[in-house]
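Chain by chain, the residues:
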Amino acid sequence: MHKKLLAAVVGLNVAAAAQAAPSLEEMWDLVQKQQAEITQLKSQLKDTEQRVSETEVKTEATFAAVEEVTAGPVAKLADWADKTTIGGYGEMHYNNLTSDDSSKSKDEFDLHRFVVFFGHQFNEDLRFFSELEVEHNVAGEGKNGEVEVEQAFIEWDYAENHRAKAGVFLMPVGIINETHEPETFYGVERNPVEKNIIPATWWEGGAMFSGEIAEGFSYDAGVHSGLFIDPTASKSNIRDGRQKVSKAKGDDLAYTARIKYTGMPGLELAATVQHQTDVWQGESFAGEEEADATLWELHGVYNNGPFGVRALYAQWDIDDVIENVKAGADEQEGFYIEPSYRLTEKLGIFARYSEWDNQAGDSSDTEKQQYDLGFNYWLDDHVVLKADYMREDSETGDELRGFNLGVGWSF
Amino acid sequence: MALLLSFTLFFSSAVLSKGIYQTVPEFLEEVFSPEEPQQAFLWLTPELKETASKILNHTVRGLRVRYWQSGEKTAWIMEEIGKELPITIGVVVNQGRIDQLKILAFRESRGGEVRYPAFTAQYQDVKITPNNKLDAHIDGITGATLSVRAVTKVATLALHYHQQVNPEQLTQTPHKENKELVTTSP
């Protein structure tokens, strides 16, 4: 019984083994298939290796490009460009003015100002700023224009909210002396009071400290080169004294201080006092050797919605000795008031009354008045078209009247 | 001169970290506390970039804008150049209106008056019109026109971005004549 069962089991296994074992032909097919798969895999591997190799090349090229952008010359240039600013402004005018004195009449086109700003931020606390201006388009001997560097200074933030600057800078006085891009004020020409009394645009060389002392209150205080009103050349008007930091006589310095309040939106109130120790800068005239002078200036600006108003008063009190040059020149003063209204976002109208006198120290009638009426049309925040009618009267009867057109821009 | 030096030394005694009035974490803590805001990103689609560029009046770069949100309130921290250096501005928008605007950092030497609450309070409750203009008049600061413009542009953009992430809060202000947003000088 057991022998029969064993024989049956062995028989079954042999039969199964005979059925599972491939024939030689099948083995050959199998080997060929596997060989084909190996060949295919090798080919794929080769492709992959090639792609990896190409990727490495590309990655390397990308790294090189990134390095070039982030650390190479391009980055250095971008870094420098980031710290360097360029700007400017300009204004072209057409004046059509008639005077009783025909020599004062004007019918002319004038690229009055073309200005370029350059600035550079050395680090967070230290910067350079400059303003290069061409006035009246063509400068040179016998030409109408001038090339002037109105600002070129280094400014250092030596403490939070406090800074000092040294170099050539604009005097902190009046409304338009420091901010005079054409789109920031009404009228084709700048107002005559700041021009003839302050006298804007006015820059000096020296050192100035500025900063904030409380919310909305800021100060400026500095020492710098002074005016030189040459008595030997019969000069007496304060505007004649601007030396423009061009080999400026530095025998006697001047001191300026301003306090300003801008803590309420739309409002600016400011007062400036300046003392000139000697506007004759060591020259003597008519036996006198010194002429000190003091400027007092007050102004207010208020904008509320579409309504705006500017008002300014300035007075020079000069040593009486200047009367040896011109009677009444020891007092030079003026004021103006300018209401305005923005009819639309782009259109604003204004009126201005100005009164000034460069010989206010005596009783003779030397006062001048000017009436302006006109509009600004802003094509953009930084581009403006202007038109105004003006009439200037003087006590001596001279009158200048007519209209001005202008286009101005800044960037 | 001695008077001048003592004058400036007196004022230089109070030295603080320059130009930074509040850090971003401090601002978010102040705005959302005790809640924890979720940080999220608004992706700048070509259409959104175009609108944002119009609002800022210059090209907007980047792929996305980070913001923080809790409930219906969003906070946006953006930088915009006033004259030469970027001003960091935090704007909180709720229900389509500005809840708070704060100057977190002001780096320029002029125009810093924009950081005072007397100025920033003008943006409270302001929303935008369908023209993407603020619906309120903002009085400017003499001599700080560029800083004021920068703050106003960022306020407008924050409101616009808020509308993108909360489209159901689109303001229903009727289309009206565009008001001037910033009092410039003059």
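Residues numbered from 1 in each chain as written. Chains lettered and ligands numbered in written order. Predicted model: local features only at pLDDT ≥ 70, side-chain atom pairs only at ≥ 80, totals over all residues.

Trainee: It is not clear to me how the overall build of chain A should be interpreted in this structure. Could you clarify?
Mentor: Check the secondary structure of chain A and you find four helices and 16 strands. Here the C-alpha radius of gyration of chain A, 40 Å, is well above what a compact globule of 411 residues would show, namely 22 Å. By principal-axis analysis of the C-alpha atoms, chain A measures approximately 160 × 50 × 45 Å. Taking all 411 residues of chain A together, 33% fall into the buried category. (Helix = DSSP H or I, 4+ residues; strand = E, 2+ residues; numbered from the N terminus. Rg over C-alpha atoms; globule rule 2.2 N^0.38 Å. Buried ≥ 20, exposed ≤ 12 C-beta atoms within 10 Å, placed from the backbone.)

Trainee: Would you take a moment to explain the overall build of chain B for this structure?
Mentor: When its secondary structure is counted, chain B shows five helices and five strands. Listing each helix as α and each strand as β along chain B from the N terminus yields α-α-β-α-β-β-β-β-α-α. Counted over contacts in chain B with a minimum sequence separation of 6, partners at least 24 positions apart contribute 65%. (Contact = placed C-beta atoms within 7 Å.)

Trainee: For this particular structure, what's the right way to read the sheet that holds strand β1 (residues 38–43) of chain B?
Mentor: Sheets are built from strands paired through backbone hydrogen bonds, the pairs being either parallel or antiparallel. Residues and elements named next belong to chain B. As summarised here, the arrangement of the five strands in space is β1-β2-β3-β4-β5, forming an open sheet in which the pairing is antiparallel. Unpaired on one side and paired on the other, β1 and β5 (97–106) mark the two borders of the sheet. On average, each strand axis in the sheet is tilted by 30° relative to the strand beside it, whichever way the strands run. The pairing of strand β2 (residues 64–70) with strand β3 (residues 73–81) spans four bridges and is antiparallel. Its bridge partner being in β3, Q69 is matched across the sheet by T74. (Pairing = 2+ DSSP bridges. Axes fitted to C-alpha atoms, helices over the stretch in contact; angles between N-to-C directions.)

Trainee: It is not clear to me how the confidence of the model for chain B should be interpreted in this structure. Could you clarify?
Mentor: Residues and elements named next belong to chain B. Looking at chain B as a whole, its pLDDT mean stands at 83, while 80% of the residues score no less than 70. Contacts of residues 1–16 to residues separated by more than four positions or lying in other chains number 17 contacts, the stretch itself having pLDDT below 50. Below a pLDDT of 50 lies the segment residues 171–185, which in the model reaches 39 contacts outside its immediate sequence neighbourhood of four places, other chains included. We note a pTM of 0.79 for the whole complex and an ipTM of 0.74 for its interfaces. (pLDDT = per-residue confidence, 0-100.)

Trainee: It is not clear to me how the domain arrangement of chain A should be interpreted in this structure. Could you clarify?
Mentor: Interface size is commonly expressed as the accessible surface area that is lost when the partners come together. Per the domain assignment, the segments of chain A are domain 1 (37–71) and domain 2 (73–410). Taken over C-alpha atoms, the centre of domain 1 of chain A sits 66 Å from the centre of domain 2 of chain A. (Domains from an automatic or database assignment.)

Trainee: Help me out: how do you make sense of helix α2 (residues 24–32) of chain B in this one?
Mentor: Since the α-helix packs 3.6 residues into each turn, any two residues three or four apart lie on the same face. All names here are of chain B. Along α2, the residues classified as buried are F27, L28 and V31. Take α2 and look down its axis: the buried residues cluster within an arc of 95°, on one side only. What points out from α2, more than 90 degrees from its buried face, is the exposed set P25 and E26. Buried positions along α2 lie against β2, β3, β4 (86–94) and β5. (Arc of directions from axis to C-beta.)

Trainee: Before we go on, may I ask you to explain the environment of R127(A) in this structure?
Mentor: Residues and elements named next belong to chain A. Its place among the elements puts R127 in strand β3 (residues 126–135). The class of R127 is buried, set by 23 C-beta atoms lying within 10 Å. Along the primary structure R127 and N161 are separated by 34 residues, whereas in three dimensions their C-alpha atoms are 15 Å apart.

Trainee: Would you mind going over the pairing of strand β10 (residues 293–304) of chain A with me for this structure?
Mentor: Consecutive side chains of a regular strand alternate in pointing toward one face of the sheet and then the other. Residue and element names in this part refer to chain A. Where burial is concerned, the two faces of β10 differ: the one with A293, L295, E297, H299, V301 and N303 is buried and the one with T294, W296, L298, G300, Y302 and N304 is not. Alignment of β10 against strand β11 (residues 307–318), held across twelve bridges, turns out to be antiparallel. Residue G300 lies in a different strand from β11, and its bridge partner there is A311.

Trainee: How do you make sense of the nonpolar core when you look at a structure like this?
Mentor: Among soluble globular proteins, nonpolar side chains are generally buried collectively. The biggest cluster of nonpolar side chains holds 42 residues, and the ones touching the most others in it are I89(B), V91(B), V154(B), A155(B) and A158(B). Among the elements of the structure, α2, α3 (46–56), β2, β3, β4, β5 and α5 (145–165) of chain B are those that each provide at least two residues to this core. Each residue touching I89(B), except ones within four places of it in the same chain, is listed here: M78(B), E80(B), L101(B), I103(B), L104(B), V151(B) and V154(B). Formed by 40 residues, the second largest nonpolar core is a distinct cluster that contains F153(A), I238(A), V279(A) and A293(A). (Core = buried A, V, L, I, M, F, W, Y, C linked by C-beta atoms within 7 Å.)

Trainee: Would you mind going over unusual backbone geometry with me for this structure?
Mentor: Of all residues except glycine, most have a negative phi; of all peptide bonds, most are trans. The step from A200(A) to T201(A) runs through a cis peptide bond, and the omega angle for that step is -5°. For the bond from S33(B) to P34(B), the omega torsion is 5°, close enough to zero to count as cis. Structurally, P34(B) is set in the loop between α2 and β1. One non-glycine residue, K247(A), lies in positive phi territory at about 45°. Here K247(A) shows up in the loop between β7 (217–224) and β8 (254–261). Classification of K247(A) by C-beta neighbours within 10 Å gives exposed; the count is 7. Of note, D125(B) is a non-glycine position whose phi angle comes to about 70°, a positive value.

Trainee: For this particular structure, what's the right way to read the packing of α3(B) against α5(B)?
Mentor: Helix-helix packing is described using two parameters, namely the angle between the two axes and the distance between the axes. All names here are of chain B. Taken N-terminus to C-terminus, the directions of α3 and α5 make an angle of 160°; their axes are 9 Å apart at the nearest point. In this view, α3 runs roughly antiparallel relative to α5, as classed from their interaxial angle. Relative to α5, the crossing made by α3 is right-handed. Between α3, through L48, T51, A52, I55 and L56, and α5, the contact on the second element is made entirely by K153, T156, L157, H160 and Q164. (Parallel < 35°, antiparallel > 145°, perpendicular 65-115°, else oblique. Left-handed = near helix turned anticlockwise from the far one by under 90°.)

Trainee: Quick question: what am I supposed to make of the environment of Y302(A) here?
Mentor: Residue and element names in this part refer to chain A. Assignment of secondary structure puts Y302 in strand β10. According to the C-beta neighbour criterion, Y302 is partly exposed, with 17 such atoms within 10 Å. Taking the C-alpha atoms as reference, Y302 lies 23 Å from Q369; in sequence the two are 67 residues apart. Excluding residues that lie within four positions of it along the chain, Y302 makes contacts with G266, L267, G308 and V309.

Trainee: Can you help me understand the pairing of β11(A) in this one?
Mentor: Only one face of β11(A) is covered, namely the face carrying G308(A), R310(A), L312(A), A314(A), W316(A) and I318(A); the face carrying F307(A), V309(A), A311(A), Y313(A), Q315(A) and D317(A) is uncovered. Connecting β10(A) to the antiparallel partner β11(A) that follows it, the hairpin turn spans two residues, and G305(A) within it adopts a positive phi of roughly 60°.

Trainee: I'm lost on the environment of D319(A) in this one. Help?
Mentor: Residue and element names in this part refer to chain A. Mapped onto the elements, D319 comes out in the loop between β11 and β12 (331–342). C-beta crowding within 10 Å serves as the criterion here: with 17 such atoms nearby, D319 is assigned to the partly exposed category. It is 5.9 Å that separates the C-alpha atoms of D319 and D330, two residues lying eleven residues apart in sequence. Look past the residues within four positions of D319 in its chain and what remains in contact with it is A291, D292, A293 and D330.

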